[in-house]
Amino acid sequence: MKQPLAIFAGLAAVVVLALLPLWLGPFYTRVVQFFFFSAALALAWNILGGFAGYWSFGHTVFIGIGAFSAALFGMHVGTFGTGPMSMVVPLLVAGLVCGLFAALIAYPILRLRGIYFAIVMLGVSQVVSELVNNIGWFQGGVGVFLSPPVPSGVTPEDFYYYIFGALLLLAFLLTLLIKRTRFGYALLAIREDEDTAMMLGVATEKYKVLAFVLSAVLVGLLGAVYGYSVGYFTTYTVFRLDFSLNMIVFCLIGGIGTLFGPIIGTAVMLFITQVLLSRFLDIHLLITGLIVVAIVLLMPGGILGALTRSRRAALARKAEAQA
Amino acid sequence: MLLFLQTTLNGLVLGGLYSLAAVGFSLVFGVMGIVNLTHGIFVVAGAYGALLLFRHLGIDPFFAIIPIGLVLFAVGYAYQRTIIHWAISRASLVASLVVTFGVAMIARNLLQLTFGPDVQTITPSYSFTSVGLGPLRIDLVRLIALGASLVLLLILALVLARTQFGRAVRATAQQPLAAELSGLSVGRLHGLTFGLSAAMAGASGAIIGIVQPFSAASEVAWTLNAFIVVVLGGIGSPAGALVGGLLLGLINAYTAQYIGPSLTTAMMFLVLVLMLLVRPQGLLGHSFGESR
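Residues numbered from 1 in each chain as written. Chains lettered and ligands numbered in written order. Predicted model: local features only at pLDDT ≥ 70, side-chain atom pairs only at ≥ 80, totals over all residues. Heavy atoms only, no water.

On to the overall build of chain B, then. Summing up its helical and strand segments, chain B has eleven helices and two strands in all. Here the C-alpha radius of gyration of chain B, 19 Å, is about what a compact globule of 292 residues would show, namely 19 Å. Once the C-alpha set of chain B is aligned to its principal axes, its extents read approximately 60 × 45 × 35 Å. Classification of the 292 residues of chain B by burial places 56% in the buried group. Within chain B, residue pairs in contact and separated by at least 24 positions form 79% of the contacts whose partners lie at least 6 positions apart. For chain B, the computed accessible surface area is about 11,800 Å², with 70% contributed by carbon and sulfur atoms. Averaging the coordinates of the 12 positive side-chain charges in chain B and doing the same for the 6 negative ones gives two points 8 Å apart. (Helix = DSSP H or I, 4+ residues; strand = E, 2+ residues; numbered from the N terminus. Rg over C-alpha atoms; globule rule 2.2 N^0.38 Å. Buried < 20%, exposed > 50% of the residue type's maximum accessible area, 1.4 Å probe, protein only. Contact = heavy atoms within 4.5 Å. Areas by Shrake-Rupley, 256 points an atom, 1.4 Å probe, with all protein chains shown as cover. Lys, Arg positive; Asp, Glu negative; His and termini not counted. Charge placed at Lys NZ, Arg CZ, Asp CG, Glu CD.)

This part takes up the interface of chain B and chain A. If you look at the interface, chain B gives 38 residues, while chain A gives 34 residues. For the pair chain B and chain A, the summed buried surface comes to about 3,100 Å²; carbon and sulfur atoms form 83% of the total. At the boundary of chain B and chain A, one finds zero salt bridges. Put simply, chain B and chain A have four residue pairs in polar contact (both at pLDDT 80 or more) between them. Elements that contribute at least two residues to the side of chain B that touches chain A include exactly helix 3 (61–90), helix 4 (93–115), helix 9 (219–233) and helix 11 (264–278) of chain B. Across the side of chain B that touches chain A, the residue classes break down as 31 nonpolar, five polar and two charged. (Buried area = accessible area lost by both parts, 1.4 Å probe. Salt bridge = Lys/Arg side-chain N within 4 Å of Asp/Glu carboxyl O. Polar contact = N/O pair within 3.5 Å; in protein donor to acceptor, adjacent residues only side chain to side chain. Nonpolar A, V, L, I, M, F, W, Y, C, P; charged D, E, K, R; others polar.)

Now for the nonpolar core. Phe62, Tyr116, Phe117, Phe164, Leu187 and Phe212 of chain A together with Phe227 of chain B are the most contacted members of the largest nonpolar core, which has 189 residues in total. Counting residues per element, this core draws most heavily on helix 2 (residues 26–51) of chain A, at 14 residues. Beyond its immediate sequence surroundings of up to four residues, Phe117 of chain A is in contact with Leu48, Tyr54, Trp55, Ser56, Ile109, Leu110, Leu112 and Phe212 of chain A. Formed by five residues, the second largest nonpolar core is a distinct cluster that contains Leu9, Val13, Leu136 and Leu146 of chain B. (Core = buried A, V, L, I, M, F, W, Y, C linked by side-chain atoms within 4.5 Å.)

This next bit is on the pattern of salt bridges. All names here are of chain A. The tally for this structure, following the rule as stated, stands at eight salt bridges over all chains. Salt-bridge contacts for Arg30 lead to Glu157; the nearest nitrogen and oxygen are separated by 3.3 Å. Separated by 127 residues along the polypeptide, Arg30 in helix 2 and Glu157 in helix 6 (residues 156–180) bring together distant segments of the chain. Judged by relative accessible area, which is 12%, Glu157 ranks as buried. Among the ionic pairs, Arg191 bridges to Glu192, the shortest N-O distance being 3.2 Å. We classify Arg191 as partly exposed; its relative accessible area is 33%. One network of salt bridges, in which partners are shared, links Arg113, Glu194, Asp195 and Lys208.

This is the structure in structure tokens:
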């Protein structure tokens, strides 16, 4: 009934977005490209933070690990291809390294809950970034290169527009899949009451680790592509606290734990900060902070939460009028 | 050996400051269960306050503690009674985490707009005097700073343990409902606790201003330090803050001396992660934990 309509609307959106660079100038192509990147990050964070309720305050660690593994692999081992093909193997390596790292730290760290998990993730991101910056082999201090994969005849902003768009689509489909399957229900059960879920036979440990690893691999891939898009980067280009914070803020504003919330939140916040306030760089933090506080006080479920609530209230009024 | 002793001394002095800066955070965490991400702002605001009073009125930072403490007490009280209370009653306890984070962003931006992004220091006439302790040297400022920290921590511990107000705060922390039924105004006590926390943070900021350079951006570091101190020492008590702070100061000093000054943050977080895995309630435990 509603299913074919939704699929049709989704396909139409994909087609429109795919054709969009034909009309947008280079500046707005970049803005939309950054939107794709940020929304995909928010969706990836949402798998762990939104569905399972494990708020990571240090997810930028996977952006950094992804970007550095791709670059170091490319420099020391090779890229196995030229042009766009040169991205394939380093990207796979980046995803693999992030997944392994996440699986490695998952066992001790996922035993912690709530604020402790949040702060420890922040700690992990600080520790890894300092190690990358200070251990010579990683070259975090002097910076690393990624050979440009952009084929001739295509502008870089168009090229990365499609790559980030594809990654956003991947993140979206993965989230959709998780939400619709047993996996998603298990994560929601963990968020609502982990002990009861475990008691009722949900394999909480397995699902938590899986969500953490999936989220990390996605962020790692995005981080590696981000590395390609900037070309040359140091530790502090990719291990950035504001990346971690944006993922949380965007989800919070749109609606945490929903499918469209992270995308809507990213669109709203980027529109306000990048388009409306692009000339007032020095008060970005102030505006973001004000919006965060206002959202929590006025609509705790984010934009989607507020919409759902008002729709329910309208339905209730209608039912009352009929009775 | 001498180097080791000197490093230990430096670490303890630094640790005293960490303790004082963290004790308010610990109190609010213990009594209300709120992780106040605005805490670092109170510390930095105290430092800027001391800077203004010193530059324009010539007031010594150690005396500036009193006016700064009073102002921040009022700010903390008002902040808890309005924004934090709203966030908890309308959304949830976790929402207070996000709200305090948002307020910290606003406040950091406002501080940057007012004072500029530059790193500041307060330099009273005695800031380069040092005293000998046998073969060891220590800056006079740091010694007074350590003394002031210990005195303030002791006062707070006595207030909590011996006064009517302290008893009321502890009662609210252990059983909010029972405290309310016995006629205590829990809302007002929460406000007062928050005010006290902000005042202690401001006082520590005034002292930190003389000992270390600071800027609006250092608030993140002070909030995180407070969190680490609480995790190391234990939640809700001045003694826990003291143990955690001194330990953190020592870790910091030893790492800077023997491993490398650029690795101190990494080491601090490594210890934090290990501590959370081994003994998440901190060395001295949660002061009000049993009855929760």
